[in-house]
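What follows is the residue order along each chain.
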Amino acid sequence: MFSLKNIAQSMLQPLLAIIAGLAVGAIAILIVGGSVGETYMEMWKGAFGSFYFLTNTLARATPIILIGLGVALAFRAGFFNMGSEGQLVLGALAAAVTVIYLPGPGWLRMIAGLLAGITAGGIWSAFAGWLDARFRLNLLIVTLLLNYIATLFTGYMAAYPLKDKTGSAAMAQTVMLDKAAWLPKLFQGMTLHAGFILAVAGTLLLYLFMKHTVKGYEISMLGGNPLFAGYGGVQRGKLMIASMFASGGFAGLAGAVEVLGTQYRFLDGALTSPGYAWSGIMATLLAGSNPLGTALAALLLAALQTGGMGMERNTDVPLEVSSIIQAALILFVSAKLTLSFIKRKKARSKNGSAV
Amino acid sequence: MKKQMALLLVLILAVGVIAACGAKSTNSGNANSGKNESSQNENGGNDKPKQRIALVLPEAIGVNPFFALMDEGFKRAGEEFGVEVKTIESTDPAAFEQNLRTTVAENYDLIITATFQAEDALNKIAPENPDKSFAIIDTVIDQPNVRSVVFREHEAAFLLGAAAGLSTKTNKVGAVVAMDVPLLSKYTSGFEQGLKHTNPDAELLINYVGSFTDSAKGKEMALLQYDKGVDFIAGMAAVGDLGVFEAAKERGLYASGQDVDRTELDPEHIVLSQLKGTDAVAYETVKAFVEGTFQFGSADYGLKEDGVGLTFVTRDSKSALSPFVGQENVDKLKAIAEEIKSGTIQVVNPLAQ
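- Chain B appears in an unreviewed UniProt entry as BMP family ABC transporter substrate-binding protein from Paenibacillus oryzae.
- Recorded in UniProt for chain B, the comment headed Subcellular location (unreviewed entry) runs: "Cell membrane".
- What UniProt states about chain B under its Sequence similarities (unreviewed entry) heading is, verbatim, "Belongs to the BMP lipoprotein family."

Re the overall build of chain B
Here is step 1 of the chain: Each helix and strand counted, chain B has 10 helices and 12 strands in total.
Here is step 2 of the chain: Counting the 353 residues in chain B, one finds 46% classified as buried.
Here is step 3 of the chain: Long-range contacts, defined as pairs at least 24 residues apart, comprise 67% of the intrachain contacts of chain B with a sequence gap of at least 6.

What about the overall build of chain A?
Here is step 1 of the chain: Looking only at helices and strands, chain A has 13 helices and 0 strands in total.
Here is step 2 of the chain: Its helices and strands in sequence order give chain A the pattern α-α-α-α-α-α-α-α-α-α-α-α-α, from N to C terminus.
Here is step 3 of the chain: Within the span of chain A, comprising 355 residues, buried residues form 54% of the whole.
Here is step 4 of the chain: The long-range share in chain A, meaning contacts at least 24 apart out of those at least 6 apart in sequence, stands at 77%.

Some thoughts on the domain arrangement of chain B
Residues and elements named next belong to chain B.
Here is step 1 of the chain: Partitioning chain B into domains gives domain 1 (52-151) and domain 2 (153-275 + 306-352).
Here is step 2 of the chain: Domain 1 and domain 2 are separated by 29 Å when their C-alpha centres are compared.
Here is step 3 of the chain: Taken together, the contacts link 5 residues of domain 1 with 6 residues of domain 2.
Here is step 4 of the chain: With 3 residues, helix α2 (residues 65-81) is the largest single contributor of residues to the side of domain 1 that touches domain 2.
Here is step 5 of the chain: Classifying every residue of the side of domain 1 that touches domain 2 gives 5 nonpolar, no polar and no charged.

A short note on the sheet that holds strand β3 (residues 110-114) of chain B
Backbone hydrogen bonds hold the strands of a sheet together, and the pairing may be parallel or antiparallel.
Residues and elements named next belong to chain B.
Here is step 1 of the chain: If you walk across this open sheet you meet the 6 strands as β2-β1-β3-β4-β5-β11, and the pairing is parallel. Each having just a single partner strand, β2 (84-88) and β11 (297-301) make up the two edges of the open sheet. Sheet twist, expressed as the mean angle between neighbouring strand axes with direction ignored, is 20°.
Here is step 2 of the chain: As paired elements, β3 and strand β4 (residues 133-137) share 5 bridges and run parallel to each other. Residue pairing in the sheet places Leu110 in a bridge with Ser133 of β4.
Here is step 3 of the chain: Against the sheet, helix α3 (residues 93-105) makes contact with β1 (52-56), β2 and β3, and its axis sits at roughly 175° relative to β1, the strand it touches most.

A look at the sheet that holds strand β8 (residues 232-236) of chain B
Residues and elements named next belong to chain B.
Here is step 1 of the chain: Read from one edge to the other, the open sheet built from 6 strands follows the order β7-β6-β8-β9-β10-β12, with strand pairing classed as mixed. Looking at strand neighbours, the two that pair on one side only are β7 (203-208) and β12 (308-310), the edges of this open sheet. Direction aside, neighbouring strands of the sheet carry axes that sit 20° apart on average.
Here is step 2 of the chain: Direction of pairing for β8 relative to strand β9 (residues 254-259): parallel, over a ladder of 3 bridges. Counted as the bridge partner of Phe232 is Tyr254 from β9.

Brief notes about unusual backbone geometry
Most peptide bonds are trans, and most residues other than glycine sit at a negative phi.
All names here are of chain B.
Here is step 1 of the chain: Positive phi outside glycine occurs at Ala238, with the angle close to 55°.
Here is step 2 of the chain: A positive phi is found at Asp306, a non-glycine position, where the angle reads about 65°.
Here is step 3 of the chain: By the secondary structure assignment, Asp306 is in the loop between β11 and β12.
Here is step 4 of the chain: Look at Asp306 and you get partly exposed, because 15 C-beta atoms sit within 10 Å.

Section: the pairing of β7(B)
Residues and elements named next belong to chain B.
Here is step 1 of the chain: The pairing of strand β6 (residues 172-177) with β7 spans 6 bridges and is parallel. Within β7, the position partnered with Val176 by the bridge is Asn207.
Here is step 2 of the chain: For the crossover from β6 across helix α6 (residues 182-198) to β7, the handedness is right-handed.

Looking at the environment of Gly73(B)
Residues and elements named next belong to chain B.
Here is step 1 of the chain: Checked against the element boundaries, Gly73 lands in helix α2.
Here is step 2 of the chain: Spatially, the C-alpha atoms of Gly73 and Glu268 are 29 Å apart, while their sequence positions differ by 195 residues.
Here is step 3 of the chain: Discounting chain neighbours no more than four positions away, the residues touching Gly73 are Thr278, Asp279, Ala280, Ala282 and Tyr283.

Concerning the pairing of β3(B)
Residues and elements named next belong to chain B.
Here is step 1 of the chain: Counted residue by residue, β3 has 5 buried out of 5 residues, so it is predominantly covered.
Here is step 2 of the chain: Both faces of β3 are covered, namely the face carrying Leu110, Ile112 and Ala114 and the face carrying Ile111 and Thr113.
Here is step 3 of the chain: Sheet topology places β1 next to β3; 4 bridges connect them, and they run parallel. Bridge assignment links Val56 to a residue of β3, and that residue is Thr113.
Here is step 4 of the chain: As a crossover connection, the stretch from β3 through helix α4 (residues 119-128) into β4 is right-handed.

Re helix α8 (residues 241-251) of chain B
Because an α-helix packs 3.6 residues into every turn, residues spaced three or four apart end up facing the same way.
All names here are of chain B.
Here is step 1 of the chain: Of the positions making up α8, those classed as buried are Asp241, Gly243, Val244, Phe245, Ala247 and Ala248.
Here is step 2 of the chain: Those residues of α8 that are buried lie in contact with β6, α7 (215-227), β8, β9 and β10 (270-276).
Here is step 3 of the chain: Of the residues trailing α8, Gly252 is marked for its positive phi of about 70°.

Let's talk about the packing of helix α2 (residues 36-48) of chain A against helix α3 (residues 51-76) of chain A
All names here are of chain A.
Here is step 1 of the chain: Running from amino to carboxyl end, α2 crosses α3 at an angle of 80°, the nearest separation of the two axes being 5 Å. As far as their axial angle goes, α3 and α2 are roughly perpendicular. Between α2 and α3, the contacting residues are Lys45, Gly46, Ala47 and Phe48 on the first element and Phe53, Leu54 and Thr57 on the second.
Here is step 2 of the chain: Here the residues of the contact of α2 with α3 are counted per class, giving 4 nonpolar, 2 polar and 1 charged.

Focus: the confidence of the model for chain A
Here is step 1 of the chain: Looking at chain A, the pLDDT average stands at 87 and 88% of residues meet or exceed 70.
Here is step 2 of the chain: Low pLDDT, under 50, characterises residues 349-355 of chain A; the predicted model gives this stretch 20 contacts beyond four residues in sequence or across chains.

Points about the packing of α3(A) against helix α11 (residues 276-286) of chain A
Residues and elements named next belong to chain A.
Here is step 1 of the chain: Orientation of α3 relative to α11, taken along the N-to-C sense of each, is 55°, at an axis distance of 7 Å. As far as their axial angle goes, α11 and α3 are oblique. Along this stretch, α3 crosses α11, giving a crossing that reads as right-handed. Where α3 abuts α11, its residues Pro63, Ile64, Ile67, Gly68, Val71, Ala72 and Phe75 lie against Tyr276, Ala277, Ser279, Gly280, Ile281, Ala283 and Thr284.
Here is step 2 of the chain: In terms of residue class, the contact of α3 with α11 is made up of 10 nonpolar, 4 polar and no charged.

Things to note about the environment of His154(B)
Here is step 1 of the chain: You can see His154(B) is positioned in helix α5 (residues 153-167).
Here is step 2 of the chain: Apart from residues no more than four positions distant in its own chain, His154(B) is found in contact with Lys186(B), Ser189(B), Gly190(B), Val347(B) and Asn349(B).

Basis of the calculations
Residues numbered from 1 in each chain as written. Chains lettered and ligands numbered in written order. Predicted model: local features only at pLDDT ≥ 70, side-chain atom pairs only at ≥ 80, totals over all residues. UniProt positions renumbered as here; feature names shortened; annotations may be inferred. Helix = DSSP H or I, 4+ residues; strand = E, 2+ residues; numbered from the N terminus. Buried ≥ 20, exposed ≤ 12 C-beta atoms within 10 Å, placed from the backbone. Contact = placed C-beta atoms within 7 Å. Domains from an automatic or database assignment. Nonpolar A, V, L, I, M, F, W, Y, C, P; charged D, E, K, R; others polar. Pairing = 2+ DSSP bridges. Axes fitted to C-alpha atoms, helices over the stretch in contact; angles between N-to-C directions. Right-handed = clockwise from strand over helix to strand, strands pointing away. Parallel < 35°, antiparallel > 145°, perpendicular 65-115°, else oblique. pLDDT = per-residue confidence, 0-100. Left-handed = near helix turned anticlockwise from the far one by under 90°.

Written as structure tokens, this is what we have:
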């Protein structure tokens, strides 16, 4: 009974955010002269209307879930890792390069590619953590700025040294990966690939880890009260680097599965223009860093995006309106974030630049 | 307490808005379906279900004249030939592939897409659906169920080069090009051939921006060329052309644009525009499909088919002709265009070698 009330309360905030977002979206739809009911109906159909559209949504959700999990882990430990985008593209590039240059059978290169993605994203993220632990550079700023370095670096690599010179050669992209190393599609003719299984497994593992292990408890404690955690014998610096590595590793894995399962090559802009990283961060904020909730919220955001595409395909309402609904959602969610930000600031201690 | 009241109020308002809209939508929904029925009835007379054709674009149309024009021609064809047409824009590569797959799943009779950005997705999807018909504009894909429609841009570039050769006073002209890739050599090579045709002594400077979207760098390249004594620059840099135009205005010199009639922006300095009729090929593709003359393989459109052209020479412009070019030169260029069409002048396609 008590827990039911708890769940209801934790669901209230996201529910309100969604309703308010949809209401603002309704105004936008009315302004462009569409009919709200029909538009939302098409949106629903585009996201969940049939098995085919459902798999589309799940495919879209895959990278968002993985990124969201990573961010949730960092947030839980009290570290504002805003560097998912950079970790994502570095992971993607590392996976592509590994599969292109590593000899051996396809399945081995695929697994090596996934591991390379995790490692690259993890190191990039841990580097930011190290800068904070060692030089007291503000983590939020460092991770944000490292995004630019990573995206521009990968863009350069794709446009010059690794560029695919075959075909019309007008795109900044690496060569196509060997078919043997592709992540298998789950259903014939649909975009959903095996990366989704990794995302689901990651969700469950992270949930169990946070809930049932000592390390998981230490991480939550560090995020909840750094001073108390230090008093209890938790080594902040060490744990910070470890959790930042894991956090970036999730983002790197997201990049790797997108490269191995969707584009089959590293294409500059393919991961940054859909805003996967920011959707992932948003999912985490929506769910208050709960792993299961993050996965659900990621699914919701992906549904909004695929629903937006469906709406654009079948009505005269432009795609931008679904962006407006999403933006309205961010707005309402960030209102909650600001509150918790202020609370944290008050509780800030000498021992943690938690925010 | 106050907060909760406020929340409640917001909630009630929100529900009110949604409910109100819902009511309206049922009405307009009925009206729409009524319309559909009647149009289907009209078609029913022909005893043929209405054909459905989708144009799936890898980007949002936005301010890109290339796509805007294509969409225009596509919609016009849909109206004239009584087929249901739908244009679908995409935000990013993953969304593009999903949109393309969805049009396959939704059983469109013909699916048209465009540009090199679509190559990857179409190369994946076309072999998976061998009984579907596809067409791609502005690039060639070698699949048995795809019709590739490309342009002979080198012919229009030849005309533009010829115009530059006739018009230049300093005997130095420039070209600011997006990227050093095979695709764009159709432009540079054609331009150079045309320039040498009318003015064998003219010097040509070529600079590459390194991107399709960098207008700031396009401007720097143009300023550099003007500083070297160039008096006419052919902008071949997509969005970078906007920078070239700015540079031309600053220096009071001349430039040309691409795809659509760019002279309308600033007729004093943008004196010519190399045209690419993406509207015509979208229109022709739909037309061929409806009339049953649609064939897989590759087709190309040049000056003869009015797929490419040059303002003032092959098509009239709303803006006034600049004295830099002059009517006399335009008449000469018209003769050259005729010679290209009849085959007297052979423009070499650098990609065909």
